[in-house]
Amino acid sequence: MNKRAALRFEKVFPVILSTDEFGECNAMARNISAGGILIEMADPMPLGTAVRVHFFMPDSQATIIARGEVKNHYFLNFNDAGGARSLTGMAIKFSAFEADAGEVLGLGLTRMRILH
């Protein structure tokens with residue numbers, strides 16, 4: 001049974017992560033919901049790390065900045081068109097959005113739902 005509070009979208013897109021402890025780095029998001037995001041990273045940040053996630057919505061110039069916390073680490077094995085693969089990553093639970101980013105994210109997720 002899926003206990004998620006928000007619908008999750010399997011979308012791969014670039015993000016920029018920034019933290020006080022580790023600075024700024026580029027990463028790839030693997031999926032997203034209004035409550036959080038799964039980030040692919042070779043070396044995930046420690047659990048509990050406060051992070052800001054910067055990304056753009058599809059077909060828009062709107063920048064979204066979400067604040068959150070690293071909640072889980074993942075090591076996934078899967079198959080895709082390229083064959084067997086694995087990835088390491090981390091799940092970030094969103095705690096707040098800067099400015100009107102929450103509203104923009106909601107509109108973008110609605111747009112993803114239509115395209116998905």
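Scroll up for the structure.
This text gives an overview of the structure that appears in the document. (Residues numbered from 1 in each chain as written. Predicted model: local features only at pLDDT ≥ 70, side-chain atom pairs only at ≥ 80, totals over all residues. Heavy atoms only, no water.)

Observations concerning the environment of P44
Then, number 1: Here P44 is to be found in the loop between β3 (36-40) and β4 (50-56).
Then, number 2: Separated by 47 residues in sequence, P44 and A91 place their C-alpha atoms 9.3 Å apart.
Then, number 3: Contact partners of P44, with chain neighbours within four places excluded, come to H73, G89 and M90. (Helix = DSSP H or I, 4+ residues; strand = E, 2+ residues; numbered from the N terminus. Contact = heavy atoms within 4.5 Å.)

Examining the pattern of salt bridges
Then, number 1: All told, the structure shown has six salt bridges when counted by the stated rule.
Then, number 2: Between R85 and E40 there is a salt bridge whose closest N-O contact spans 3.9 Å. Pair noted here: R85 is in strand β6 (residues 83-97) and E40 is in strand β3, with a separation of 45 residues, a long-range link.
Then, number 3: Where K71 meets E69, a salt bridge forms, and the shortest distance between an N and an O atom there is 3.7 Å.
Then, number 4: For K71, a relative accessible area of 40% gives the class partly exposed.
Then, number 5: Several salt bridges share partner residues, and in doing so they unite R30, E40, D80 and R85 into one network. (Salt bridge = Lys/Arg side-chain N within 4 Å of Asp/Glu carboxyl O. Buried < 20%, exposed > 50% of the residue type's maximum accessible area, 1.4 Å probe, protein only.)

Remember, this is a structural readout, not a statement about activity or role.
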